[in-house]
Amino acid sequence: MAARNRRGRRGRAAEREEPEFDERVVHIARTAKVQKGGRRFHFRAVVVVGDNAGSVGVGIGKARDVPDAIRKGRDRAIKNMHHIPVVGTTIPHEVRTRFSAAEVMLKPASRGTGVIAGGGVRAVVEAAGIKDILTKSLGSSNILNVVRATMQALDELKSPEEEARRRGRPVEAVMPFWRQADVRQES
């Protein structure tokens, strides 16, 4: 009985399988706090987690050592995952979003273009499973704000099905023009 109690809830949690996520550490910052005995260092880790199938999350972890900060960031990113509408291998429409002083522009790209993005934007977009996209980071280069602006931009995307329902039109009428040719070939 003692062995069973020692294992407790942790034992059952370990038995459950966690889905496999694509985890990327985007940035690690060292902060210092000056106290009587000298400087105390802490670390902040910005972590992006995605399933490469349209879901992505961003988390920030703070701790006295780097591995703990990364673990906390990963846990927060998994809790804050959002579903992103994807059309084929790209996004359904262009979007431009501002978070603080960082501005991000995301444009759909034709198949085979690849991910044209830098730093934090690339990490978020690749973790979401988007294969073809054009991006531009404008304004501030603060990596945390760029990552948050990218997440906000991805949250603003609307799926063609959702937009067709809202407008009361057939899905083919609101489908992006590069996707309409694919739909015609399939039928």
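Calculation criteria
- Residues numbered from 1 in each chain as written.
- Predicted model: local features only at pLDDT ≥ 70, side-chain atom pairs only at ≥ 80, totals over all residues.
- Heavy atoms only, no water.
- Core = buried A, V, L, I, M, F, W, Y, C linked by side-chain atoms within 4.5 Å.
- Buried < 20%, exposed > 50% of the residue type's maximum accessible area, 1.4 Å probe, protein only.
- Helix = DSSP H or I, 4+ residues; strand = E, 2+ residues; numbered from the N terminus.
- Pairing = 2+ DSSP bridges.
- Contact = heavy atoms within 4.5 Å.
- Axes fitted to C-alpha atoms, helices over the stretch in contact; angles between N-to-C directions.

## Some remarks on the nonpolar core
Then comes step 1: In this structure, Val-48, Val-56, Leu-106, Val-124, Ile-130 and Leu-154 are the most contacted members of the largest nonpolar core, which totals 30 residues.
Then comes step 2: Elements represented by at least two residues in this core include exactly β2 (38–50), β3 (55–63), β6 (102–108), α3 (119–128) and α4 (143–155).
Then comes step 3: The dominant element in this core, judged by the number of residues it contributes, is α4, at seven residues.
Then comes step 4: Ranked by size, the runner-up nonpolar core spans seven residues in total, among them Val-47, Ala-63, Ile-70 and Ala-77.

## Comments concerning unusual backbone geometry
Then comes step 1: The phi dihedral of Asn-52 is positive, around 60°, even though this residue is not glycine.
Then comes step 2: Take Asn-52: it is sitting in the loop between β2 and β3.

## Quick notes on the sheet that holds β6
Then comes step 1: The four strands are arranged β5-β6-β8-β7 in an open sheet whose pairing can be described as mixed. Two strands in the sheet have a free side with no partner beyond their single neighbour: β5 (95–99) and β7 (115–116).
Then comes step 2: Pairing of β7 with strand β8 (residues 133–139) involves two bridges; the strand directions are parallel. Of the residues in β8, the one forming a bridge with Val-115 is Ile-133.
Then comes step 3: α4 rests against β5, β6 and β8 of the sheet, and its axis sits at about 135° to β5.

## A word on the environment of Glu-23
Then comes step 1: The residue Glu-23 is located in strand β1 (residues 22–35) in this model.
Then comes step 2: On the basis of relative accessible area, Glu-23 is assigned to the partly exposed category, the value being 34%.
Then comes step 3: Spatially, the C-alpha atoms of Glu-23 and Val-56 are 9.8 Å apart, while their sequence positions differ by 33 residues.
Then comes step 4: The residues contacting Glu-23, other than those within four sequence positions of it, are Val-47, Val-48, Val-49, Ile-70 and Arg-74.

Take it as geometry only, folks, not as evidence of what the structure does.
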